[in-house]
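# Reading the structure
So you can see what is in the structure, the chains are spelled out below.
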Amino acid sequence: MDDISERSGISSSTLSRLESGQRKFTLDLLLPLAVVHGLPLDELVGAPPTGDPRLHLRPVAVPGQGQTVLPLVRHSGGPHVHKHVLPVRATTATRQSLHAHAGYSWVYVMRGRLSITAGSRRVVLVAGEATEFDTRLPHSLSNADEQPVEFLSVFGAQGERMRIVTSWVECSE
């Protein structure tokens, strides 16, 4: 409490009264506490979503893989979009326990080299390359580089596929 008091400029006695509920929080007390804890004020007070169009992304560490996944959409239905960072020598599954589940996945590599095994096929993608596969096939994604690999994935649980537009037309400004 003394450390927070010193860093926030709020007396220890005031912090104690806030903590015990004997004093109500005010904006002039909340702002320094948000700074000390490194949190946005909305998060500190548990404010409900307000229709803010910005995404407030929270990376998720995948236990046992060292992989970090950053969800890029907040909805529950339809395709899900994630950014993945897979460390050196990391994989999403072992040869003995490949994943298989309903859906369809599209993958785009942003940095590094990504090895994808799906069924009996294997491909290594480099930055700027993309592929897609049916996730009902037993599959795994592995780092095939000596640096972390970063990639985007679009996953459709109901097997939705991306529609690739190949016809471009000239337009005038």
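Worth saying up front: this structure is predicted, and the values here are computed from it rather than measured.

Criteria and cut-off values
- Residues numbered from 1 in each chain as written.
- Predicted model: local features only at pLDDT ≥ 70, side-chain atom pairs only at ≥ 80, totals over all residues.
- Heavy atoms only, no water.
- Buried < 20%, exposed > 50% of the residue type's maximum accessible area, 1.4 Å probe, protein only.
- Helix = DSSP H or I, 4+ residues; strand = E, 2+ residues; numbered from the N terminus.
- Pairing = 2+ DSSP bridges.
- Phe/Tyr/Trp six-rings, centres within 6.5 Å; stacked < 30°, edge-to-face > 60°.
- pLDDT = per-residue confidence, 0-100.
- Salt bridge = Lys/Arg side-chain N within 4 Å of Asp/Glu carboxyl O.

### As for the pairing of strand S9 (residues 149-156)
When you tally the buried positions in S9, you get 6 out of 8 residues, the bulk of the element. With 7 bridges connecting them, strand S3 (residues 80-86) and S9 associate as antiparallel partners. Counted as the bridge partner of valine 85 is glutamate 150 from S9.

### Quick notes on the sheet that holds strand S2 (residues 68-71)
The 6 strands are arranged S1-S2-S3-S9-S4-S7 in an open sheet whose pairing can be described as antiparallel. At either end of the open sheet lies a strand with only one pairing partner, and these are strand S1 (60-61) and strand S7 (130-134). Sheet analysis places S2 next to S3, joined by 4 bridges and oriented antiparallel. Within S3, the residue paired with proline 71 across the bridge is histidine 82.

### Some thoughts on the packing of aromatic side chains
One pass over the full model with this rule turns up 1 aromatic pair. Here the aromatic rings of tryptophan 106 and tyrosine 108 are separated by 6.3 Å at their centres, their planes lie at 10°, and the arrangement is stacked. Judged by relative accessible area, which is 30%, tyrosine 108 ranks as partly exposed.

### Remarks on the confidence of the model for the chain
When pLDDT is averaged across the chain, the result is 83; 86% of the residues are at 70 or more. Taken element by element, the chain is modelled with least confidence in S1, mean pLDDT 78, and with most confidence in strand S6 (residues 121-126), mean pLDDT 94.

### Remarks on the pattern of salt bridges
In the structure shown here, the tally under the stated rule is 5 salt bridges. Salt-bridge contacts for glutamate 150 lead to lysine 83; the nearest nitrogen and oxygen are separated by 3.3 Å. With glutamate 150 in strand S9 and lysine 83 in strand S3, this pair connects stretches of sequence that are 67 residues apart. A salt bridge links arginine 111 to glutamate 150, with the shortest nitrogen-to-oxygen separation between them at 3.1 Å. On the criterion of sequence distance, the pair formed by arginine 111 in strand S4 (residues 104-111) and glutamate 150 in strand S9 is long-range, its members being 39 residues apart. The exposure class of arginine 111 is partly exposed, given its relative accessible area of 32%. Using a relative accessible area of 17% as the deciding quantity, one classes glutamate 150 as buried.

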